[in-house]
Amino acid sequence: MKAMVLYGTNESFVLEDRPIPTPGPGEAVARVLACGAGLTIHHTVAGRVPVKFPIVIGHEITAEIAEVGDDVDWLAEGDPVTAYYYFTCGRCRWCRINRETLCENMKGQVGRHMDGGYAEFIKLPAQNFVKIPEGLDYKNYPAEVGVISDAIATPYKVIRHARISPMENVAVIGAGGGLGIHMVMMARWAGARVTAVDVMPEKLEKCREVGAHEIVNASEGSMTEALMDITNGQGVDVVVDFACRGSSIEDGIRSLAKAGRLLPMAGPTATSFQFNPREMLRNEKQIMGSRFATKQEVIDSLDLVARGDIWPLVTETFSLEQVDQAHEHLEKGSIMGRAGIVMDT
């Protein structure tokens, strides 16, 4: 099989011909049709997260089961699947209450601690494969279906975790990024009044196209003042910050209404911030963490797309041999929504 292998930080990918993996007990092998390319995996390329090289990165897959190992009776050859990103134990108290993103025995992630989707085949523990529902046309839209497991599932988790309700004011900072623009779409789906905040006019216009009621160019003045003006001085109920610079988080806190919730979606480039505990206490504001999604939330997100409630935004696709080009675009921040790596068929 063909695989694009990363041997070190900020190095070009190397095209290799590797044997098709064989599943062991409790494992399965799937033929990859497409794999999403976003900042989560680009952080690996840029050296912002620790990995053991060489590695095949990528986890937002659309694939078909090719072979199953012993003790796997719920997957069969030909089943369409995507992947659950985390390797969890399934036994600790957090896994047992369907909060496996807090697993006490986390073993890593797909594409960081086990080879991922930048290859024609992928081998994973069978429990990490999630079946794609019948209503999704994964053969004609493999890239779009692949990114659901992250680009839709992560905002879906935010909506549930932050208790976003219809008619609430929600501000999305870094709204033009791959996760940010899907957060705009999902907050609109949840019935909120959505304001997109970014510094790139073309991305802000795209945010308006996909559902933002208001847009704020943070490079043109005070974000806090703009959000206060939009809400008639009341502040926003929820701020979801994908930029996570200290200044953006602090501005976000100042923009919150009474009982407002701030979710700093901190990646490896996030910086620290300061806040006034007295202000948080007096107005019952909250700072909340929200980490990826549970497996059930991935399943729910697939079902949402299958029934037509939402559709992921993939604006650029590349062949497997073009992954370096895809990551150049990611580094520049020029991609609207998500990019996808589509295998030859």
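Residues numbered from 1 in each chain as written. Predicted model: local features only at pLDDT ≥ 70, side-chain atom pairs only at ≥ 80, totals over all residues. Heavy atoms only, no water.

> Explain the nonpolar core here, please?
Membership of the largest hydrophobic core comes to 90 residues, with the highest contact counts inside it found for Tyr118, Phe129, Ile164, Met183 and Ile341. Excluding its chain neighbours within four sequence positions, the residues that come into contact with Ile341 are Leu33, Ala34, Cys35, Ala37, Tyr118, Phe318, Ser319, Leu320, Val323 and Ala326. Met223, Leu227, Cys244 and Leu256 belong to the second largest nonpolar core, which has 14 residues in total. (Core = buried A, V, L, I, M, F, W, Y, C linked by side-chain atoms within 4.5 Å. Buried < 20%, exposed > 50% of the residue type's maximum accessible area, 1.4 Å probe, protein only. Contact = heavy atoms within 4.5 Å.)

> Looking at this model, I keep getting lost on the sheet that holds strand β9 (residues 193-198). Mind explaining?
Whether parallel or antiparallel, the strands of a sheet pair through hydrogen bonds between backbone atoms. Read from one edge of the open sheet, 6 strands run β10-β9-β8-β11-β12-β13, paired in parallel fashion. At either margin of the open sheet sits one strand with a lone partner, and together these are β10 (214-217) and β13 (286-287). Where β9 meets β10, 4 bridges bridge the pair, whose relative direction is parallel. Its bridge partner being in β10, Asp198 is matched across the sheet by Asn217. (Pairing = 2+ DSSP bridges. Helix = DSSP H or I, 4+ residues; strand = E, 2+ residues; numbered from the N terminus.)

> What exactly am I supposed to notice about the pairing of strand β12 (residues 256-264) here?
Within a regular beta strand, the side chains point alternately toward one face of the sheet and then the other, so they alternate between its two faces. Among the 9 residues that make up β12, 7 are buried, leaving the element largely enclosed by the rest of the structure. As paired elements, strand β11 (residues 236-241) and β12 share 5 bridges and run parallel to each other. Pairing of Val236 across the sheet is with Leu256, part of β12. Where the polypeptide runs from β11 across helix α7 (residues 246-255) and back to β12, its parallel neighbour, the crossover connection is right-handed. Of the pairings in the sheet, the one linking β12 to β13 comprises 2 bridges and is parallel in character. For Arg261, the partnering residue across the bridge sits in β13 and is Gln286. In this fold, the crossover linking β12 to β13 by way of helix α8 (residues 277-282) has right-handed handedness. (Right-handed = clockwise from strand over helix to strand, strands pointing away.)

> When you look at the layout of surface pockets in this model, what are you seeing that I'm missing?
Gaps left between atoms are located by rolling a probe of water-molecule size over the structure's atoms. Each pocket or cavity is described by its volume, and for the second largest pocket that value is around 160 Å³. Lining the second largest pocket, in full, are Asn10, Glu11, Ser12, Phe13, His42, Val45, Asp324, His327, Glu328 and Glu331. Contributing elements (two or more residues each) for the lining of the second largest pocket: α1 (39-45) and α10 (323-332). No other element matches α10, which puts 4 residues into the lining of the second largest pocket. (1 Å grid on protein atoms, 1.4 Å probe; cavity = no way out; pocket = protein on both sides within 12 Å on 5 of 7 lines; lining within 4 Å. Points joined across faces, edges and corners; volume = space filled by probe spheres on them.)

> Teacher, can you tell me more about unusual backbone geometry here?
The linkage connecting Phe53 with the following residue, Pro54, adopts the cis geometry, with an omega of 0°. Relative to the elements of secondary structure, Pro54 occurs in the loop between α1 and β4 (61-68). Located in the positive-phi region is Ala259, a residue other than glycine, with phi close to 65°. Assignment of secondary structure puts Ala259 in strand β12. Since its relative accessible area comes to 36%, Ala259 is described here as partly exposed. Here the phi dihedral of Glu284 falls at roughly 50°; this positive angle occurs in a residue that is not glycine.

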